[in-house]
Amino acid sequence: MKHNPNIGWNVECSYRELPETFYTVVEPNTVSSPQLVLTNDVLAISLGLDEKQLHSKEAVAVFAGNEKLEGIEPIAQAYAGHQFGNFTMLGDGRAMLLGEQLTPRGQRVDIQLKGSGRTPYSRGGDGRAALGPMLREYLISEAMHGLNIPTTRSLAVTVTGEPVLRETALTGAVLTRVASSHLRVGTFQYAAARQEVEDLRALADYTIKRHFPEVESASQPYVALLEQVIKRQASLIANWQLAGFIHGVMNTDNMTISGETIDYGPCAFMDSYDPQTVFSSIDIQGRYAYRNQPGIAEWNLTRFAETLLPLLHEEQAEAVKLAENELSNFAMIYGSAWLTGMRSKLGMFNKEEADETLVKDLLTIMKEHQADYTNTFRSLTLGQQEEWFDEPDFLEWKKRWVDRLQRQSEDAQAVELLMKQYNPSIIPRNHRVEEALQAAEAGDMQPFMKLLEVLENPYAYTVEQEEYVNPPEDGATFQTYCGT
């Protein structure tokens, strides 16, 4: 198909410059009667696409996986990963990379279809996805973008006109995902497992060129690559913790080199504050619980560092020393980012030695009273009252906090403004997300679109956001499943 030039596609596929072992060329898996469910017009414009043309037959055919982008052969990427600690060889089992869009601002971003059908890496699966999970990823990823947390984005959701068979027959759908790239820790693990050093070097050089061009001229560029990835991931995980976000499946194949959040399967936001919170039905041991996320990130980064050892130094012992030196910085970088964020959430402009104790004491009190994580900070921001704010332990803490704020030069108005910038008025509450998805699956997109709209700017504190503020009245626990 000749593509409508008015759509604005401007694609290449630099990934194919890598050795062929890193990908497989795939043919589109056509579907019978694709229909567009929704598009992300604001994102489309930033990509250089004409949002009005996204509803054309040509665009829908691309989003459904029926047509290639002109001149580009789609590929499925190969990678490996530690899944709940167990290493396995993997790859895009239900996704294909259409190409890389070159944006008007000179950025290069992946355009990937998720749920587009079988690939050589499908391992017996059908390669398809259902409407609910694809809408869920669209909603949560766009909410994360609104929260200023680095993330992959969602450009479109298309139904295929064909059912997918799970426990029951579900509506088939494809998500068009946008990412800085889909390079993962698992991509490097795949290269390392094959023990082809030159392939590994090609991957590292490609990664530096694409994401970290500033380190190309460094005296030790591969050490600098490790340093930069550690910094980005430490910052990302701090952002997750500050927002009460639980990824749920921090396998190494779900950890990007770019520092973006990827794969919104069994993820959710905490209601009541509890560091042991787990949402994933299969995480029986709590490996990926909220409190464990920083440690798991460090573990994953250690696996990344191991893959780079042949490039860090020709002497194994020296390579290990260089890697350990960089990895030793993770806890400090993460801790600094987290504490800086917490200071802002509590209206602190300057630093005092006792700040970390003040923050951790509040979290201890919140856990004791099963306090809602988001609404505690929201109420502190607005000067509103939570039911447990009259308890002696909180009143004692509040006095210390007020005294702390009075020791800085900024006035109450400045404090409130700072807190509003770092404490969202709303998050994607699990029960509201499920309500919206159930309605969408039944054919009513209105609740979904309304929720999506109020989540676009969670720091706005608008009247429209008020109805989405509260946790579920019955205090019901929430569980997610792989594929959701």
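The structure under discussion appears in the preceding block.
Attention in this report is confined to the structure presented alongside it. (Residues numbered from 1 in each chain as written. Predicted model: local features only at pLDDT ≥ 70, side-chain atom pairs only at ≥ 80, totals over all residues. Heavy atoms only, no water.)

## As for helix α10 (residues 355–368)
- For α10, built from 14 residues, the straight-helix expectation of 20 Å at 1.5 Å per residue is met to within 8% by its first-to-last C-alpha distance of 20 Å.
- Of the residues making up α10, those classed as buried are Asp355, Leu358, Val359, Leu362, Leu363, Ile365 and Met366. Down the axis of α10, the buried side of the element spans an arc of 160 degrees, and every buried residue falls inside it. Set apart from the buried face of α10 by more than 90 degrees, the exposed residues are Thr364 and Glu368.
- Its buried side turned inward, α10 meets α9 (330–345), α11 (373–382) and α12 (392–406).
- Positive phi appears at Gln370, one or two residues downstream of α10, with a value of about 50 degrees. (Helix = DSSP H or I, 4+ residues; strand = E, 2+ residues; numbered from the N terminus. Expected span 1.5 Å × (residues − 1). Buried < 20%, exposed > 50% of the residue type's maximum accessible area, 1.4 Å probe, protein only. Arc of directions from axis to C-beta. Contact = heavy atoms within 4.5 Å.)

## Some details on the packing of aromatic side chains
- Inspection of the entire model under this criterion finds 19 aromatic pairs.
- Measuring from centroid to centroid gives 5.1 Å for Trp388 and Phe394, while their planes differ by 70 degrees, and the two rings are edge-to-face.
- A relative accessible area of 9% places Trp388 in the buried class.
- Feature note: the residues Trp388, Phe389, Phe394, Trp397 and Trp401 constitute an aromatic cluster, connected by ring pairs.
- Sitting above the plane of the Phe377 ring, Lys345 keeps its charged end 4.4 Å from the centroid.
- Against the face of Tyr461 rests Lys420, its NZ or CZ located 5.4 Å from the ring centre. (Phe/Tyr/Trp six-rings, centres within 6.5 Å; stacked < 30°, edge-to-face > 60°. Lys NZ or Arg CZ within 6 Å of the ring centre and 35° of its normal.)

## Things to note about the pattern of salt bridges
- On inspection of all chains with the given rule, the structure shows 36 salt bridges.
- Residue Asp271 is joined to Arg429 by a salt bridge in which the shortest nitrogen-to-oxygen separation is 2.6 Å. Highlighted residues: Asp271 in the loop between β12 (268–269) and α7 (293–312) and Arg429 in the loop between α13 (412–422) and α14 (430–441), separated in sequence by 158 residues. When sorted by exposure, Asp271 lands in the same class as Arg429, which is buried. (Salt bridge = Lys/Arg side-chain N within 4 Å of Asp/Glu carboxyl O.)

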